[in-house]
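Chain by chain, the residues run as shown.
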Amino acid sequence: MLDKKTCLWIYTKMCEIREFEETAWTLFTENKLRGSVHLYTGEEAVAAAVCAQLSNEDYIASTHRGHGHCIAKGAQLDRALAELMGKATGYCKGRSGSMHIADFSKGNLGANAIVGGGLPIATGGGLAIKMQKRPNVSVAFFGDGASNQGTFHESINLASVWKLPVIFVCENNQYGMTVPVWQSTSVTDIADRAAGYNIPGEVVDGNDVVAVFEAFARAKERAVNGEGPTLLECKTYRWRGHWTGDPEPYRTREEVEEWKEKNDPIQRFRNYLLEEKLAAKEKLDDIEAQAAKQMAEAVDFALNSPEPDPAHVLDDVFYEV
Amino acid sequence: MAKLSYAQAIRKTIAEEMKRDENVFIMGEDVEKLGGVYGCTRDLYKEFGTDRVRNTPISESAIIGTALGAACCGMRPIAELMYWDFAFVAADQIFNQVAKTRYVFGGNAKIPLVIRGQEGTGRGNAATHSQSLESIFMHIPGIKVVCPSTPADAAGLLRTAIRDDNPVCFFEHKVLYAGKGEVPDDPNYMIPFGKADIKREGSDVTIVANLLYVKHALAAADELLKEGIHAEVIDPRTLVPFDYDTIARSVKKTGRLVVVHEAHQNNGWGAQVITQVTKMVFPYLDAAPIHLGAQACPLPFNVILEQAVLPSIPEIISACKAVMHR
């Protein structure tokens, strides 16, 4: 199911996302980037393994931690970074920054700065697909925190009743901002909530590319066959704080280091590819080097891009013929 | 021309647009067999099927958010809110998502979405089912705001809303549904947004009103005429975009302005109109404009109490006389 070409694509996207996020961190600490920035480092396997199975005709709705989804859904690093820096060349003309980033032309219905805000929108993508009788799917990415929002309940219930081709992908990174899941959530496994909507719920190791890929493939097949949505919970961990300024009083340095050392999704997938002889070490080194090079070029592009012209600040509030 | 009720005009327009464009569909609470509380979608499911006339769960955030997502992906949804008061349940989806999606994503999203529903007092629905909320929607950039006061306006404005590639919030008044009027038969009859309608011409005082208060303003104008005062009654019809020019032109002629609406007076849309029009025609004003609206109090159930909170026809008459220094 997971062929060699797809493996290399996933590895490439994971490396690009890692480079992007760690570069964004550095730029933030150097005051070259401002605002609310939520990094996806450590969670790369989910976006890459899911989006590997999507085309531009499939939709995603993303979250405030949306850079990874945006890149995996086809955004280029340079224009994405330009958007984070508010430049005119950014995907959203500098209006969105980190929290509303999207390349709409790639079927990305947007990062969403409101926790749980994207679930109904992804559900609407699924409704459009169903009404247009297309063999596509719509994916709602959301975190553990969003699973306690009303929109989680409303969207999954509606998608289940209408048997919409929507896959609800929960990225459980253990903390809703600073609050651990055990303190905020009635269940240990958010996937258990699927029972309340009469749909399958599945827990997977979100740092295991193969596990995420295969679980999503099952959910996608079900969706395309008209059987309705699936709730997929990917257990993962964010390496950085909730946002770039997070003092992280809610977890220990040791906890973070343990995840980094023992459960780095990129290292794990690299080991898998080498063990299964799906790629040579040199090939993977080359992918990593290419990602680093692309990122360096992206920084150059973004830093040297023009600021948006305030003369156009009122454009696009409405579509005008 | 056919004589139709306001509700029938809305139903007819929806049906014609669904026939014209297969991407147009309806979703909302009880829109199928019941046809909505006031019958605006009655029996449409028989003609178009339940795929295009979709009963939803009582989940306002999902109704609006799903309609938004579908609109971004090539459909043209008409999402019905049973009462505009329920918009607060879906406030994030309307104000943070629907209104902002096109702008924040760099103008790359097209959102042909109509959110329609009814509002207002008059049927004993009390505090959470009787509000007039259009001023709030006017405050958030990114949504068009439409308020028809007659069956013909309802038909012409709704068609424009459905064919618009932007989110439109369409405010109907529950008391207007049964009222009848002539509606053009033309299945392409459209009224452009941002064009106020002079409902009655006059030379002495300009009364600006919307929805049910257009009727009340016209009733006040009848009374004023008995005293020799010729009131001009203007219905802006759309609050976003707003036709300040037509009102400014009228005030240049009359020198006097009264704005009245059922929405609360405090921060009601009339305040914005008075600010703008005063700026435009200040030298022509013979008196400070007067702004009437519901008092700052949740709308009470008892009809005597409800009426006590709302501007009355005698109050409109008094306001007109006051600006005429009479």
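Residues numbered from 1 in each chain as written. Chains lettered and ligands numbered in written order. Predicted model: local features only at pLDDT ≥ 70, side-chain atom pairs only at ≥ 80, totals over all residues.

**A few points about the overall build of chain A**
Working step 1: Regarding its fold elements, chain A presents eleven helices and seven strands.
Working step 2: When the backbone C-alpha atoms are referred to their principal axes, chain A occupies close to 55 × 50 × 40 Å.
Working step 3: Within the span of chain A, comprising 321 residues, buried residues form 56% of the whole.
Working step 4: In chain A, of all internal contacts separated by at least 6 residues, the share reaching a separation of at least 24 is 75%. (Helix = DSSP H or I, 4+ residues; strand = E, 2+ residues; numbered from the N terminus. Buried ≥ 20, exposed ≤ 12 C-beta atoms within 10 Å, placed from the backbone. Contact = placed C-beta atoms within 7 Å.)

**Re the overall build of chain B**
Working step 1: When its secondary structure is counted, chain B shows twelve helices and 14 strands.
Working step 2: The C-alpha radius of gyration of chain B comes to 19 Å, within 12% of the 20 Å expected for a compact globule of 326 residues.
Working step 3: Across its three principal directions, the C-alpha atoms of chain B cover 60 × 40 × 40 Å.
Working step 4: Here chain B holds 326 residues, and 59% of them are scored as buried.
Working step 5: By sequence separation, contacts in chain B at least 24 residues apart represent 79% of the contacts at least 6 residues apart. (Rg over C-alpha atoms; globule rule 2.2 N^0.38 Å.)

**Observations regarding the nonpolar core**
Working step 1: Counting residues in hydrophobic clusters, the biggest one holds 202 residues, and the most contacted among them are Ile207 and Cys320 of chain B.
Working step 2: For this core, the element with the highest residue contribution is helix α1 (residues 4-29) of chain A, accounting for nine residues.
Working step 3: Taken domain by domain, the makeup of this core includes at least three residues from each of domain 1 (2-183) and domain 2 (197-323) of chain B.
Working step 4: If we ignore the near neighbours within four places in the chain, the residues touching cysteine 320 of chain B are Val205, Ile207, Ala220, Leu224, Ile229, Ala231 and Val258 of chain B. (Core = buried A, V, L, I, M, F, W, Y, C linked by C-beta atoms within 7 Å. Domains from an automatic or database assignment.)

**Quick notes on the sheet that holds strand β13 (residues 257-264) of chain B**
Residue and element names in this part refer to chain B.
Working step 1: The strand order across the open sheet formed by five strands is β9-β11-β10-β13-β14, and the pairing between neighbours is mixed. Looking along the sheet, the strands with just one partner apiece sit at the ends: β9 (197-200) and β14 (290-294). Pairwise comparison of adjacent strand axes, ignoring direction, gives a mean angle of 25° for this sheet.
Working step 2: Both β9 and strand β11 (residues 231-235) contribute to a ladder of three bridges, which runs antiparallel. Each bridged residue has a counterpart across the sheet, and for isoleucine 198 the counterpart in β11 is isoleucine 234.
Working step 3: Strands in contact with helix α8 (residues 212-226) are β9, β10 (205-209), β11 and β13; relative to β11, the strand with the most contacts, it is inclined by about 175°. (Pairing = 2+ DSSP bridges. Axes fitted to C-alpha atoms, helices over the stretch in contact; angles between N-to-C directions.)

**Comments concerning the interface of chain A and chain B**
Working step 1: Contact residues are listed per partner, giving 36 residues for chain A and 35 residues for chain B.
Working step 2: Mapped onto the side of chain A that touches chain B, the elements with two or more residues apiece are α5 (118-131) and α6 (150-161) of chain A.
Working step 3: Per-element tally for the side of chain A that touches chain B: the top contributor is α5 of chain A, with nine residues.
Working step 4: For the side of chain A that touches chain B, the per-class residue count stands at 18 nonpolar, 13 polar and five charged. (Nonpolar A, V, L, I, M, F, W, Y, C, P; charged D, E, K, R; others polar.)

**Details of the sheet that holds strand β4 (residues 76-83) of chain B**
Residue and element names in this part refer to chain B.
Working step 1: Taking strand neighbours across the sheet as the criterion, the seven strands line up as β3-β2-β4-β5-β7-β6-β12 in an open arrangement whose pairing is mixed. Of all the strands in the sheet, just β3 (53-55) and β12 (238-240) have a single pairing partner and so form its edges. On average, each strand axis in the sheet is inclined to that of its neighbour by 20°, with strand direction left out of account.
Working step 2: The strands touched by helix α3 (residues 60-72) are β2 (24-28), β4 and β5 (114-119); relative to β4, the strand with the most contacts, the crossing angle is about 165°.

**Some words on the packing of α5 of chain A against α3 of chain B**
The description of two packed helices rests on the angle between their axes and on the distance between the axes.
Working step 1: Direction vectors running N to C along α5 of chain A and α3 of chain B enclose 55°, while the axes themselves pass 6 Å from each other. When the axes of α5 of chain A and α3 of chain B are compared, the pair comes out oblique. The interaxial crossing formed by α5 of chain A with α3 of chain B has right-handed handedness. Contacts between α5 of chain A and α3 of chain B involve Pro120, Ile121, Ala122, Thr123, Gly124, Gly125, Leu127 and Ala128 of chain A on the former and, on the latter, Ser61, Ala62, Gly65, Thr66, Ala67, Leu68, Gly69 and Ala70 of chain B.
Working step 2: Classifying every residue of the contact of α5 of chain A with α3 of chain B by side-chain character gives nine nonpolar, seven polar and no charged. (Parallel < 35°, antiparallel > 145°, perpendicular 65-115°, else oblique. Left-handed = near helix turned anticlockwise from the far one by under 90°.)

**Comments concerning helix α11 (residues 281-303) of chain A**
Residues and elements named next belong to chain A.
Working step 1: Given a rise of 1.5 Å per residue, 23 residues ought to cover 33 Å, and the 33 Å separating the end C-alpha atoms of α11 matches this to within 8%.
Working step 2: Turning to α11, its buried residues number three or more, namely Leu284, Ile287, Ala291, Met295, Ala298, Val299 and Ala302.
Working step 3: In this structure, the buried side of α11 is in contact with α1, α4 (77-84) and α10 (265-275). (Expected span 1.5 Å × (residues − 1).)

**Observations regarding the environment of threonine 128 of chain B**
All names here are of chain B.
Working step 1: Mapped onto the secondary structure, threonine 128 falls in the loop between β5 and α6 (134-139).
Working step 2: For threonine 128, a count of 12 C-beta atoms within 10 Å puts it in the exposed group.
Working step 3: Sequence-wise, threonine 128 and valine 323 are 195 residues apart; in three dimensions their C-alpha atoms are separated by 34 Å.

**Quick notes on the domain arrangement of chain B**
In many analyses, interface size is given as the accessible surface area lost on bringing the parts together.
All names here are of chain B.
Working step 1: What the domain assignment lists for chain B is domain 1 (2-183) and domain 2 (197-323).
Working step 2: Once you take the C-alpha centre of each, domain 1 and domain 2 turn out to be 26 Å apart.
Working step 3: Secondary-structure elements contributing two or more residues to the side of domain 1 that touches domain 2 are α6, β6 (144-146), α7 (151-163) and β7 (168-173).
Working step 4: Looking at the side of domain 1 that touches domain 2, its residues break down into twelve nonpolar, nine polar and three charged.

**With respect to helix α9 (residues 244-254) of chain B**
Two residues of an α-helix separated by three or four positions point the same way, owing to the 3.6 residues in each turn.
Residue and element names in this part refer to chain B.
Working step 1: Of all the positions in α9, only Ile247, Ala248, Ser250, Val251 and Thr254 are classed as buried. Down the axis, α9 shows its buried residues gathered within 160° of arc, on one side only.
Working step 2: Against β10, β11, β13 and α10 (269-281) lie the buried residues of α9.
Working step 3: Glycine 255 sits one or two positions beyond α9 and adopts a positive phi of about 75°. (Arc of directions from axis to C-beta.)

**Things to note about the pairing of β10 of chain B**
Residues and elements named next belong to chain B.
Working step 1: Among the five residues that make up β10, five are buried, leaving the element largely enclosed by the rest of the structure.
Working step 2: Burial along β10 is two-sided: the face carrying Val205, Ile207 and Ala209 and the face carrying Thr206 and Val208 are both buried.
Working step 3: As paired strands, β10 and β11 are joined by four bridges and run parallel to one another. Bridged to valine 208 within β11 is isoleucine 234.
Working step 4: The handedness of the β10 to β11 crossover, carried by α8, is right-handed. (Right-handed = clockwise from strand over helix to strand, strands pointing away.)

**Focus: unusual backbone geometry**
Working step 1: A cis amide bond links valine 240 of chain B to the next residue, proline 241 of chain B, at an omega of -5°.
Working step 2: Positionally, proline 241 of chain B belongs in the loop between β12 and α9.
Working step 3: Even without a glycine there, the phi angle at asparagine 31 of chain A is positive, about 60°.
Working step 4: Take asparagine 31 of chain A: it is sitting in the loop between α1 and α2 (44-51).
Working step 5: In the Ramachandran plot, histidine 325 of chain B falls in the positive-phi region, its phi being about 60° despite a non-glycine side chain.

**Considerations on the environment of phenylalanine 152 of chain A**
Residue and element names in this part refer to chain A.
Working step 1: With respect to the helices, strands and loops of the structure, phenylalanine 152 is situated in helix α6.
Working step 2: Residue phenylalanine 152 is classed as buried on the basis of its C-beta count, with 24 C-beta atoms lying within 10 Å.
Working step 3: Sequence separation of phenylalanine 152 and phenylalanine 142 is ten residues, and the distance between their C-alpha atoms is 9.1 Å.
Working step 4: In this structure, phenylalanine 152 is in contact with Gly116, Leu119, Ala146 and Ser147, ignoring residues within four places of it in sequence.

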